[in-house]
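# Structural overview
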Amino acid sequence: MTLLVFLLALFTALATGLGAVPFAFTHDPARRWIGASNAAAAGLMLAASVWLAYEGLGRGMLGVLVGAAVGAISILAVRRYLGLDEHPAVFAGMSGLDARKGLLIVAIMTAHSLAEGVGVGVAFGGGEDLGVIIALAIAVHNIPEGLAISLVLVPRGVSPGKAAFWSIFSSLPQPLMAVPAFMFVEAFETLLPYGLGFAAGAMVWMVFAELLPDARKDAPDRTILVVLAVSAASMMAFQLLLS
């Protein structure tokens, strides 16, 4: 059973790389649509954060609130650290502000994956059938998360292949956390609302402090609002179908 938990959680991580596939078929100059890309990523992350908070509230409101506060503060601290001159950001062939944006979104999605990995392990604690269903649902759910990462990285000059790699990298905590969560279900189930809140808080901070301000620099407000609404609604509908 432990091997099955690990392999299915690894499958969920690999599925994240599929989010970069659409970029293998587009040849538009990246900077021309970076504003719309930022807005789309913001919509996907905003919807995901709402869903995470909703899932966490059923397990403990206090844990979600504490986790969200810690998540926002942690990302703010990382942002300020990367902004210091003595710590110039270099990431995936990018530098400066672009590298910082890329690092932040990969870091946030990686933190998010910790909670998802725990969720897979805890689900298997309720039986193999439940665990398989939850793992498959998270695998499908990870595809638009990989898209959100790629929407930030590719317009800034990162190749689709590298974007797929970093998308998968961000989900590697899922197989790493699923096994111990399965082996120690009760302990990890108690921590799950904190993890869900942490990921939600970090995502909301990224949306309003980074992605949307950047989007407004490169696209009209009307375009941003339309793309934001469509991407968020699509993500919510997608999550409802999986629930």
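In case you missed it, the structure is sitting above this.
Notes on the structure follow. Please read these numbers as outputs of a predicted model, since none were measured by experiment.

Glancing now at the overall build of the protein. Check the secondary structure of the protein and you find 9 helices and 2 strands. Each helix and strand of the protein, placed in order from N terminus to C terminus, yields the pattern α-α-α-β-β-α-α-α-α-α-α. Burial statistics for the protein: of 243 residues in total, 50% are counted as buried. A separation of at least 24 residues holds for 85% of the contacts in the protein among residues at least 6 apart in sequence. Element-wise, carbon and sulfur atoms account for 72% of the exposed surface of the protein, whose accessible area totals about 11,100 Å².

Moving on: the packing of aromatic side chains. Throughout the structure, instances matching the rule amount to 4 aromatic pairs. Here the aromatic rings of W166 and F169 are separated by 5.1 Å at their centres, their planes lie at 75°, and the arrangement is edge-to-face. Placement of both W166 and F169 in helix 6 (residues 160-170) is noted, with a separation of 3 residues, approximately one turn of the helix. Taking the relative accessible area as the measure of exposure, F169 reaches 37% and is therefore partly exposed. Taken together, the aromatic side chains of F165, W166 and F169 make up a single cluster linked through ring pairs.

Turning to the environment of L103, a few remarks are in order. With respect to the element layout, L103 can be found in helix 4 (residues 96-125). In sequence terms L103 and V78 are 25 residues apart; their C-alpha atoms lie 9.5 Å from each other.

This next bit is on the pattern of salt bridges. Within this structure, the stated rule accounts for 2 salt bridges. Close ionic contact of K217 with D214 constitutes a salt bridge, the shortest N to O distance being 3.8 Å. Pair noted here: K217 and D214 are both in helix 8 (residues 185-218), with a separation of 3 residues, about one helical turn. Measuring nitrogen to oxygen at the nearest pair gives 3.1 Å for the salt bridge that ties D221 to R216. For D221, a relative accessible area of 39% translates into the label partly exposed.

Take a nonpolar patch on the surface next. Judged by side-chain polarity, L62, V66, V70, L191 and Y194 come together as a nonpolar surface patch covering roughly 450 Å² of accessible area. Mapped by element, the contributors of at least two residues to the nonpolar patch are helix 3 (61-83) and helix 8. Among the elements that take part in the nonpolar patch, helix 3 stands out by supplying 3 residues, more than any other. Its location among the elements puts V66 in helix 3.

Look at helix 1 (residues 2-15) against helix 7 (residues 173-183): their axes get within 8 Å of each other, and the N-to-C directions meet at 150°. As far as their axial angle goes, helix 7 and helix 1 are roughly antiparallel. Note that helix 1 runs across helix 7; the crossing there is right-handed. Only Q174, P175, A178, V179 and F182 of helix 7 make contact with helix 1, whose side of the interface consists of T2, V5, F6, A9, L10, T12 and A13. Its residues assigned to classes, the contact of helix 1 with helix 7 shows 9 nonpolar, 3 polar and no charged.

Attention shifts here to the environment of L76. Structurally, L76 can be placed in helix 3. Taking the C-alpha atoms as reference points, L76 and A209, 133 residues apart in sequence, are found 9.3 Å from one another.

About the criteria used
Residues numbered from 1 in each chain as written. Predicted model: local features only at pLDDT ≥ 70, side-chain atom pairs only at ≥ 80, totals over all residues. Heavy atoms only, no water. Helix = DSSP H or I, 4+ residues; strand = E, 2+ residues; numbered from the N terminus. Buried < 20%, exposed > 50% of the residue type's maximum accessible area, 1.4 Å probe, protein only. Contact = heavy atoms within 4.5 Å. Areas by Shrake-Rupley, 256 points an atom, 1.4 Å probe, with all protein chains shown as cover. Phe/Tyr/Trp six-rings, centres within 6.5 Å; stacked < 30°, edge-to-face > 60°. Salt bridge = Lys/Arg side-chain N within 4 Å of Asp/Glu carboxyl O. Patch = residues over 30% accessible without salt bridge, like charges linked within 9 Å, V, L, I, M, F, W, Y side chains within 5 Å. Axes fitted to C-alpha atoms, helices over the stretch in contact; angles between N-to-C directions. Parallel < 35°, antiparallel > 145°, perpendicular 65-115°, else oblique. Left-handed = near helix turned anticlockwise from the far one by under 90°. Nonpolar A, V, L, I, M, F, W, Y, C, P; charged D, E, K, R; others polar.

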